[in-house]
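Take a look at the letters that make up each chain.
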Amino acid sequence: MYEVKNVSFEPIDAAFFNQPTLEMAKSLLGQILVKETERGLAAGRIVETEAYMGPDDRAAHSYGNRRTKRTEVMFGAPGHVYTYEMHTHCLVNVVCEKPGMPQAVLIRAVAPVEGIELMYERRGNKKEKDLTNGPGKLTKALGIIKADYGRRFYEKPLYIAEGQAPSSITSGPRIGIDNSGEAKDYPWRFWETGNPFVSK
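Residues numbered from 1 in each chain as written. Predicted model: local features only at pLDDT ≥ 70, side-chain atom pairs only at ≥ 80, totals over all residues. Heavy atoms only, no water.

Q: What should I look at first to understand the overall build of the protein in this one?
A: Within the protein, the regular secondary structure consists of three helices and eight strands. Going from the N terminus to the C terminus, the protein shows its helices and strands as α-β-β-β-β-β-α-α-β-β-β. Here the C-alpha radius of gyration of the protein, 15 Å, is about what a compact globule of 200 residues would show, namely 16 Å. Dimensions of the protein along its principal axes, counting C-alpha atoms only, are 45 × 35 × 30 Å. Expressed as a percentage of the 200 residues in the protein, the buried residues total 53%. Counted over contacts in the protein with a minimum sequence separation of 6, partners at least 24 positions apart contribute 62%. With an accessible surface of roughly 9300 Å², the protein has 49% of that area assigned to carbon and sulfur atoms. (Helix = DSSP H or I, 4+ residues; strand = E, 2+ residues; numbered from the N terminus. Rg over C-alpha atoms; globule rule 2.2 N^0.38 Å. Buried < 20%, exposed > 50% of the residue type's maximum accessible area, 1.4 Å probe, protein only. Contact = heavy atoms within 4.5 Å. Areas by Shrake-Rupley, 256 points an atom, 1.4 Å probe, with all protein chains shown as cover.)

Q: Even after reading the chapter, I still don't get the environment of Pro 20, so can you show me in this structure?
A: Topologically, Pro 20 is positioned in the segment before α1 (21-27). Separated by 84 residues in sequence, Pro 20 and Ala 104 place their C-alpha atoms 9.9 Å apart.

Q: Explanation requested: a positive patch on the surface in the structure shown.
A: The grouping of Arg 66, Lys 69, Arg 70 and Lys 146 at the surface amounts to a positive patch. Here Arg 70 shows up in the loop between β2 (40-52) and β3 (81-86). For Arg 70, a relative accessible area of 39% puts it in the partly exposed group. (Patch = residues over 30% accessible without salt bridge, like charges linked within 9 Å, V, L, I, M, F, W, Y side chains within 5 Å. Salt bridge = Lys/Arg side-chain N within 4 Å of Asp/Glu carboxyl O. Lys, Arg positive; Asp, Glu negative; His and termini not counted. Charge placed at Lys NZ, Arg CZ, Asp CG, Glu CD.)

Q: Got a minute to help me understand the pattern of salt bridges in this structure?
A: Considering all chains together, one arrives at 16 salt bridges under this definition. For Arg 67, the salt bridge identified is with Glu 72, shortest N-O distance 2.8 Å. Here Asp 148 makes a salt bridge to Arg 151, at a shortest N to O gap of 2.7 Å. Residue classification places Asp 148 among the buried positions, given a relative accessible area of 1%. One connected set of salt bridges, linked through shared partners, spans Glu 48, Glu 50, Arg 108 and Arg 189.

Q: Could you clarify how one ought to interpret the nonpolar core in this entry?
A: Generally speaking, nonpolar side chains in soluble globular proteins are found buried as a group. Phe 17, Leu 28, Leu 33, Ile 107, Leu 142, Phe 153 and Ile 160 are the most contacted members of the largest nonpolar core, which has 32 residues in total. Within the second largest apolar cluster, 13 residues are counted, among which are Ala 59, Val 73, Met 74 and Tyr 84. (Core = buried A, V, L, I, M, F, W, Y, C linked by side-chain atoms within 4.5 Å.)

Q: Explanation requested: unusual backbone geometry in the structure shown.
A: Trans is the prevailing form of peptide bonds, just as negative phi is the prevailing case for residues other than glycine. Note the cis peptide between Lys 156 and Pro 157, where omega equals 15 degrees. Note on placement: Pro 157 falls in the loop between α3 (135-142) and β6 (158-161). In this structure, Asn 65 takes a positive phi of about 60 degrees despite not being glycine. Mapped onto the secondary structure, Asn 65 falls in the loop between β2 and β3.

Q: Help me understand the side chain of Arg 123 in this model?
A: Structurally, Arg 123 can be placed in helix α2 (residues 116-123). Comment: no salt bridge for buried Arg 123; closest opposite-charge side chain is Asp 130, at 6.7 Å.

Q: Can you walk me through the pairing of β3 in this structure?
A: Look at any regular strand and the pattern is simple: side chains alternate between the two faces of the sheet. By the bridge criterion, six bridges tie β3 to strand β4 (residues 89-96) in an arrangement that is antiparallel. Bridge pairing links Tyr 82 to Asn 93 in β4. Hairpin remark: β3 followed by β4, antiparallel, with two residues in the connecting loop; positive phi at His 87, about 50 degrees. (Pairing = 2+ DSSP bridges.)

Q: Would you mind showing me how to read the packing of aromatic side chains here?
A: The geometry of two aromatic rings is summed up by the distance between their centres and the angle between their planes. Inspection of the entire model under this criterion finds six aromatic pairs. Measuring from centroid to centroid gives 6.0 Å for Phe 17 and Tyr 154, while their planes differ by 45 degrees, and the two rings are tilted. Pair noted here: Phe 17 is in the segment before α1 and Tyr 154 is in the loop between α3 and β6, with a separation of 137 residues, a long-range link. Relative accessible area serves as the criterion here: at 1%, Phe 17 is assigned to the buried category. For Tyr 154, a relative accessible area of 23% translates into the label partly exposed. Aromatic pair Tyr 186 and Trp 188: ring centres 4.6 Å apart, planes at 50 degrees, arrangement tilted. Here Tyr 186 falls in the partly exposed class, since its relative accessible area comes to 24%. Relative accessible area serves as the criterion here: at 18%, Trp 188 is assigned to the buried category. (Phe/Tyr/Trp six-rings, centres within 6.5 Å; stacked < 30°, edge-to-face > 60°.)

Written out as structure tokens, the structure is:
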């Protein structure tokens, strides 16, 4: 388990989210994703992300400025929570860019920091690295649900706290978007080099 020293888990300042999407995808690495519930607090250090670049990105839900009930939050201010269900799993994204520019960063994997017993309760008898090494796994482990849609990542109970940037970042193609034409090859997935909790 990744140890974080002297972190009180306070939400990061809203200004953190005012950066371009590809920069955000890298800046999120090393930060702490926290969810507080009645059952307790669970937190993980973000080790893998994917950027989705909106209207011009065929892999993005908002490709072509597609505006639906599901994507509506992406058209708002940066720092909002975009959750959606995919194959019965909930996935969590950070809304980026200024209002009207629907871009987001998917959080793909975290390394457990706090509340690991709660993660085991939610995920079952898994190896530790299998608790949170994928986008649907980490939401279940942390207790992030579809109803968190529209929250702000700079306010409790679902928030990002300041962590520590990784010493090395690797990038490559995103995962699971084979039907998105040339977009499937864009190197918009970022991960902490060598971290065992990275999804693939």
